[in-house]
Amino acid sequence: MSWLIKSSIGRKLIQSISGLFLILFLLFHLSMNVVLIFSHETYDFLANEILGANWWAIVGTLVLGLGVVVHIIYAVILTLQNWIARGRNRYASKSKTQVAWSSKNMFVLGVFIVLFLFIHMYQMWYQMQFKDLFGIEGVRHDGAQLVVDVLSQTWVLIAYVVAFIALWFHLNHGFWSALHTVGWNNDIWMKRLKRLGYFVSTLIVLGFIVVAFAVYLGYTNLLV
Amino acid sequence: MNKIDSKVPKGPLAEKWTNYKNSQKLVNPANKRRLDVIVVGTGLAGASAAATLGELGFNVLNFCIQDSPRRAHSIAAQGGINAAKNYPNDGDSVYRLFYDTIKGGDYRAREANVYRLAEVSNSIIDQCVAQGVPFAREYGGLLANRSFGGAQVSRTFYARGQTGQQLLLGAYSALCRAVNRKQVKLYTRYEMLDLVIIDGRARGIIARNLVTGKLERFAAHAVVIATGGYGNTFFLSTNAMTSNGSAAWQCYKKGAWFGNPCMAQIHPTCIPVHGEFQSKLTLMSESLRNDGRIWVPKKIEDAKAIQAGKLKPTQIKEEDRDYYLERRYPAFGNLVPRDVASRAAKERCDAGYGVGTTGLAVYLDFAEAIQRLGKEVVEERYGNLFQMYEKIVDDNPYETPMMIYPAIHYTMGGLWVDYELMTNIPGLFAIGEANFSDHGANRLGASALMQGLADGYFILPYTIQNYLADQISVKRFSTDLPEFEQAEKGLNDRIERLMSIQGKHSVDSIHKKLGHVMWELVGMARDEKGLKEAIVKLKEVKEDFWTNVRIPGKKGDFNTELEKALRLADFIEIGELMAHDALDREESCGGHFRVEHQTEEGETLRHDDKFAYVSIWEYRGEDKAPVMYKEPLEYEFVVREQRNYKS
Amino acid sequence: MDKDINIKVKVWRQNGPKEKGRFETYALKNISQGSSFLEMLDILNEQLINEGKIPVAFDHDCREGICGMCSLYINGHPHGPDGEITTCQLHMRSFNDGDTITIEPWRSAGFPIIKDLVVDRTAFEKIMQAGGYVSVNTGGIPDANAIPIPRDKAELAMDAAACIGCGACVAACKNGSAMLFVAAKVSQLALLPQGKPEAARRAKSMVAKMDELGFGNCTNTGACEVECPKNISISNIARLNREFLKAKFKD
């Protein structure tokens, strides 16, 4: 299986599969967020009892972390190789080839998202699962309240929304591109996949934004 | 002089090739490895020959002037390739294909060669399909055919308007495989500039590495020339920019005979010339004549108005249009052979009925076809050609008729070869357009691809063994031999001389002058006075070239001007020989039309009693007139007739 | 209607592979818009020769858009601003009076410069030699109609086979990837029954060679497809991925 890392298509397969896995995670994450709008209690129950410091949640976190790390490492490798493949001399004229903006800027978008992740993880995950696992003081078991606390600050909301938009662009290209790379595409499916990618990325990002705003404006825990 | 021996095997026409194969000498596999063959050129003929010889076990050195064999000008053939498969069940046969080709060539080709060509045509289609050439297919999954000029059956196989491309890519893929298996060594961006002869046999070449500018020597047991035709003598032609006659011409200057040099084909459907800056003429596939109707205005005043830009073709009423091919040749209509269609266009334009701003164009109209078949069908058949036309001319052929005019396209003449495709120099072979053999005085559409591949895949690989079988004990040659030394020195001196002229004119500007003389005086219609004038003028062009050409840069460098100058020096001499041959052949046949020799209706008038021969020219030295020999064309099987495409 | 225009061309000049290159700007007067782009360069070279200078080296041959020899990166587009054509089919009517046209060679690590605008594309040769064929010898072949091939399959194969190997895909790609070129050949032969028996071997060896020669990884920007003069679809790249992965997972 050394071809996976040695061949260009193998490396891209790794990037695609890890990307698709992360999209699945985002969908799961979104459903958790939606819960927040309806019931803080359920949210906390899910966060503490179902996830929390259980072994399965730890495994899940590790797998997820691995996915993220692999995705980032391969993004760096592929980008570096591609940069070298372009040659030492660059074009003097700017490319006028009409292509989707996001497709040319996946790495930049990715870097942006990673920066956001640092803030996000510190604000949420570190306070909950991490502190819990390593016995650090100040573990928050009231996840719902934590989210409300964090997201009621205006700068946080703005940072989140900006990151979500970057995520939308990243996913909009990433979704169909990943399926294209695993070979699941042809002339007919090209349009469908692009539309589906548009739908999925919009669903995820719009979901995140709506929840973020709802929290900011205080529309949470509505069923209580 | 050497005795002319065409080596045509005895026996009935249909058995000659089989008999030959049964009795020829072969080389056993162990010995093949010890024999080197140089193949110059990577078009259909060269690539297929190199690949096949490599597969057989010979050690092949293959030379390509471009950066890849896939660029060879065979790639530009659009229409299709003929074969006598008779898939459409319309009465075709090997004999019919043979007969049509002989007749189309105006009875100036060798019967045995042409029959063999028709015979192997079917194997070519099989071979190409096996290689993955995506020929057009019917819904049932079987191969589709279409009709083509000069035939009454549908025997042309095609891959959209890119048949040449697909066939060449097929041969190229076979070549790639052979290179990968180390059976062929490929030299790209190399140009053969001289032939090396040792003890009367072809034993190597001198080639210029076009990247470094260095001259390099290559030795082999046999040399195969597959470098195409010399149509670029006319400057403006449908040939590619690097297509040239130099390899063949240098062989001629080393003693190889040149056959029928005056036989050049004018293609009727090219985009007309539009300016002094023009660098080449673009061919529109002849297949367009299947559905397009050719016409000019009936009234001279309409023609004048169109030339002045005051009238549009769509404004000319149906009854005021002269569909002159349908009028003159009711049986074949727009599908008459190329030479006939070309001359008919010239006749109308010379009479003042031409269209376009220059008056040197005729219409090719698809309005009727679009009405009959619908725009989709027309688009499916000719879409890429229409697009190509629109990009060049900025006119939409779906709405307004195309304009076309004849242009130099193909040279039937070339190095003289016998039945084995060997020239009179032992060990020197010529295949494809580079030889003179199969098309007589005119080539039918879709036959060039057939001949190139027939020679390369199925004929040369057999016949060359008959020669090489005697060479198995001959050791590999050293390129330090005095013959190589001498050839390289001669070439080097020539290059030095060219570089030292440093005159005032660019190579292209002199080439344009040459082209002008050739097109006006040695072109579509020739006469004695004009040809004599041409010979004088060509001398002047030669003089001009050798005193006034300016070649910038250095010789030992990537230098396209030097490349072009070397080619032009040869084109001028080829032009001279063409004029001499045309003057000598006092008859009209196929692409060679002498104004003095025409029927009352303006058709070609052959004189079989005096000119039923191949004119063979032999070089005698720089300032000496060449000598002509005649290879009689005795027809055993076909009766010569006046070509008739009327009924 | 076509007019005569005055233009400036900013051309990349480089004496040899190892030498340092630079841009030179030349003025050209009364260029007919009816002339082709390469004819404009012919006129420029004629002018340079008359001035005693070295003409610009550029690759070209058939001048009818099929041999794939011509290249040039013109104003930010491989093969210039017009669509579905090669540089030799580009006409000056795509430009206006007073324009400055920037002309550069293909730039990619896989295509080193030989001189001026001429690049070395032998990498494509090596990829083709690695497996871009059906392994059949001459002769001993079944009848051409022995295997019926569905028309749509044949047409799809023909779409892919239309590739002219010019390298515009690599030139357009920000990653210097040759995937479209490789995909076109792999697709053509994978679609046809003749190519099936060695489809796996072909995909693996052509991709391995492509990687070895330093072409980049495809990130599906689709720039290649946009600039391809023969409209080769990137669906072929998906097919190549499929063929390659299938082959590898089977091993």
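Given the structure is predicted, the values throughout are model-derived calculations rather than measurements.

J.: Mind laying out the packing of helix α1 (residues 16-23) of chain B against helix α5 (residues 111-131) of chain B, listing which residues take part and the relevant values?
T.: All names here are of chain B. Two elements in contact, α1 and α5, have axes separated by 9 Å at closest approach and are oriented at 85 degrees. Considering their axes alone, α1 and α5 lie roughly perpendicular with respect to each other. Contacts from Lys16, Trp17 and Thr18 in α1 reach Ala112, Arg116, Glu119 and Val120 in α5. When its residues are assigned to classes, the contact of α1 with α5 shows three nonpolar, one polar and three charged.

J.: Tell me about the sheet that holds strand β13 (residues 321-322) of chain B, residues and numbers included.
T.: Two strands in a sheet stick together by hydrogen bonds in their backbones, pointing the same way (parallel) or opposite ways (antiparallel). All names here are of chain B. The strand order β11-β15-β14-β12-β13 describes an open sheet built from five strands, whose pairing is antiparallel. On the outer flanks of this sheet lie β11 (264-270) and β13, each paired with one strand and no other. Both β11 and strand β15 (residues 402-411) contribute to a ladder of five bridges, which runs antiparallel. Note that in β15 the partner of Ile266 across the bridge is Ile408. The sheet contacts of helix α10 (residues 338-350) involve β11, β12 (293-297), β13, β14 (362-365) and β15, and relative to β11 the element is tilted by about 65 degrees.

J.: How would you summarise the sheet that holds strand β3 (residues 73-74) of chain C if you had to cite specific residues and measurements?
T.: Residue and element names in this part refer to chain C. Taken together, the five strands give an open sheet; going across it, the order is β2-β1-β5-β3-β4, and neighbouring strands pair in mixed fashion. Whereas interior strands pair on both sides, the edge strands pair on one side only; in this sheet they are β2 (22-32) and β4 (77-78). Direction of pairing for β3 relative to β4: antiparallel, over a ladder of two bridges. Its bridge partner being in β4, Tyr73 is matched across the sheet by Pro78. Lying on the sheet, helix α1 (residues 37-50) is in contact with β1 (4-13), β2, β3 and β5 (100-104); it crosses β2 at an angle near 105 degrees.

J.: Lay out the packing of aromatic side chains with the relevant residues and their values.
T.: All names here are of chain A. Enumeration over the complete set of coordinates arrives at 55 aromatic pairs over all chains. On the numbers, 5.6 Å between centres and 80 degrees between planes, the contact of Trp168 with Tyr198 is edge-to-face. Placement of the pair is Trp168 in helix α8 (residues 154-181) and Tyr198 in helix α9 (residues 187-217), with a sequence separation of 30 residues. Directly above the ring of Trp189 sits Arg192, whose terminal nitrogen or CZ lies 5.0 Å from the centroid.

J.: I'd love a proper account of a nonpolar patch on the surface, names of residues and values included.
T.: Residues and elements named next belong to chain A. Together, Ile72, Val76, Phe107, Val111, Leu115, Phe118, Ile119 and Trp155 line one region of the surface with nonpolar side chains, adding up to about 740 Å² of accessible area. Elements supplying a minimum of two residues to the nonpolar patch: α4 (55-85) and α6 (106-134). Counting residues per element, the nonpolar patch draws most heavily on α6, at five residues. Within the element layout of this structure, Val76 appears in helix α4. Overall, the relative accessible area of 39% leaves Val76 in the partly exposed class.

J.: Kindly report on the side chain of Asp36 of chain B, identifying the contributing residues and their values.
T.: Residue and element names in this part refer to chain B. When you line up the elements, Asp36 lands in strand β1 (residues 36-40). In terms of polar contacts, Asp36 uses its side chain to reach the side chain of Arg476, at 2.6 Å. In this structure Asp36 touches Asn59, Leu61, Ala219, Ala220, His221, Ala222 and Arg476, once residues within four positions along its chain are discounted.

J.: Lay out the interface of chain C and chain B with the relevant residues and their values.
T.: It is common to give the size of an interface as the accessible area that goes away when the parts come together. Between chain C and chain B, the contact holds 77 residues from the first and 77 residues from the second. Both faces combined, the contact of chain C with chain B buries some 6300 Å², and carbon together with sulfur accounts for 51% of it. A per-residue breakdown of the area chain C buries against chain B is headed by Glu64, Thr138 and Arg151 of chain C, which together make up 11% of the total. Taken together, the links from chain C to chain B amount to nine salt bridges. Arg93 of chain C is the partner of Asp394 of chain B in a salt bridge, and the nearest nitrogen-oxygen pair spans 3.6 Å. The interface formed by chain C and chain B includes 54 residue pairs in polar contact (both at pLDDT 80 or more). With seven residues, helix α3 (residues 151-161) of chain C is the single largest residue contributor to the side of chain C that touches chain B. Looking at the side of chain C that touches chain B, its residues break down into 36 nonpolar, 21 polar and 20 charged.

J.: Give me the lowdown on α6 of chain A, citing residues and values where you can.
T.: All names here are of chain A. Look at α6: only 35 Å from first C-alpha to last across 29 residues, short of the 42 Å you get at 1.5 Å a residue. Most pronounced at Tyr126, the bend in α6 amounts to some 60 degrees. All of the buried residues in α6 are Met106, Leu109, Gly110, Ile113, Phe116, His120, Gln123, Met124, Gln127, Met128, Gln129 and Lys131. Gly135 lies just past α6 and shows a positive phi near 65 degrees.

J.: I'd love a proper account of the interface of chain A and chain C, names of residues and values included.
T.: In this assembly, 41 residues from chain A lie in contact with 49 residues from chain C. Carbon and sulfur atoms make up 54% of the area that chain A and chain C hide from each other, which totals about 3500 Å². The largest share of the area that chain A buries against chain C comes from Ile9, Arg86 and Tyr91 of chain A, three residues that together contribute 19% of it. The interface formed by chain A and chain C holds zero salt bridges in total. At the surface where chain A touches chain C, the tally comes to 28 residue pairs in polar contact (both at pLDDT 80 or more). Looking at the side of chain A that touches chain C, the elements that each hand over two or more residues are α1 (3-6), α2 (8-38), α4, α5 (101-104), α8 and α9 of chain A. Looking at the side of chain A that touches chain C element by element, the count peaks at six residues for α2 of chain A. Partitioning the side of chain A that touches chain C into residue classes produces 13 nonpolar, 19 polar and nine charged.

J.: Please give an account of the pairing of β5 of chain C that cites residues and values.
T.: All names here are of chain C. Of all five residues in β5, four are buried; the element is thus mostly enclosed. One ladder, built from two bridges, connects β3 with β5; its direction is antiparallel. Looking at β5, one finds that Ile74 is bridged to Ile103.

J.: I'd like to hear about the domain arrangement of chain C, residue by residue, with values.
T.: All names here are of chain C. One can read the domain layout of chain C as domain 1 (4-104) and domain 2 (121-250). Measuring from the centre of the C-alpha atoms in domain 1 to the corresponding centre in domain 2 gives 30 Å. The partner domain 2 presents twelve residues to the 16 residues of domain 1 that form the contact. Roughly 950 Å² is buried in total at the junction of domain 1 and domain 2, and carbon and sulfur atoms are behind 48% of that figure. The salt bridge partner of Arg121 is Asp59, with a shortest N-O separation of 3.5 Å. In this assembly, domain 1 and domain 2 are joined by five residue pairs in polar contact (both at pLDDT 80 or more).

What counts, and at which threshold
- Residues numbered from 1 in each chain as written.
- Chains lettered and ligands numbered in written order.
- Predicted model: local features only at pLDDT ≥ 70, side-chain atom pairs only at ≥ 80, totals over all residues.
- Heavy atoms only, no water.
- Axes fitted to C-alpha atoms, helices over the stretch in contact; angles between N-to-C directions.
- Helix = DSSP H or I, 4+ residues; strand = E, 2+ residues; numbered from the N terminus.
- Parallel < 35°, antiparallel > 145°, perpendicular 65-115°, else oblique.
- Contact = heavy atoms within 4.5 Å.
- Nonpolar A, V, L, I, M, F, W, Y, C, P; charged D, E, K, R; others polar.
- Pairing = 2+ DSSP bridges.
- Phe/Tyr/Trp six-rings, centres within 6.5 Å; stacked < 30°, edge-to-face > 60°.
- Lys NZ or Arg CZ within 6 Å of the ring centre and 35° of its normal.
- Patch = residues over 30% accessible without salt bridge, like charges linked within 9 Å, V, L, I, M, F, W, Y side chains within 5 Å.
- Areas by Shrake-Rupley, 256 points an atom, 1.4 Å probe, with all protein chains shown as cover.
- Salt bridge = Lys/Arg side-chain N within 4 Å of Asp/Glu carboxyl O.
- Buried < 20%, exposed > 50% of the residue type's maximum accessible area, 1.4 Å probe, protein only.
- Polar contact = N/O pair within 3.5 Å; in protein donor to acceptor, adjacent residues only side chain to side chain.
- Buried area = accessible area lost by both parts, 1.4 Å probe.
- Expected span 1.5 Å × (residues − 1).
- Bend = angle between axes of the 7 residues up to and from the residue.
- Domains from an automatic or database assignment.

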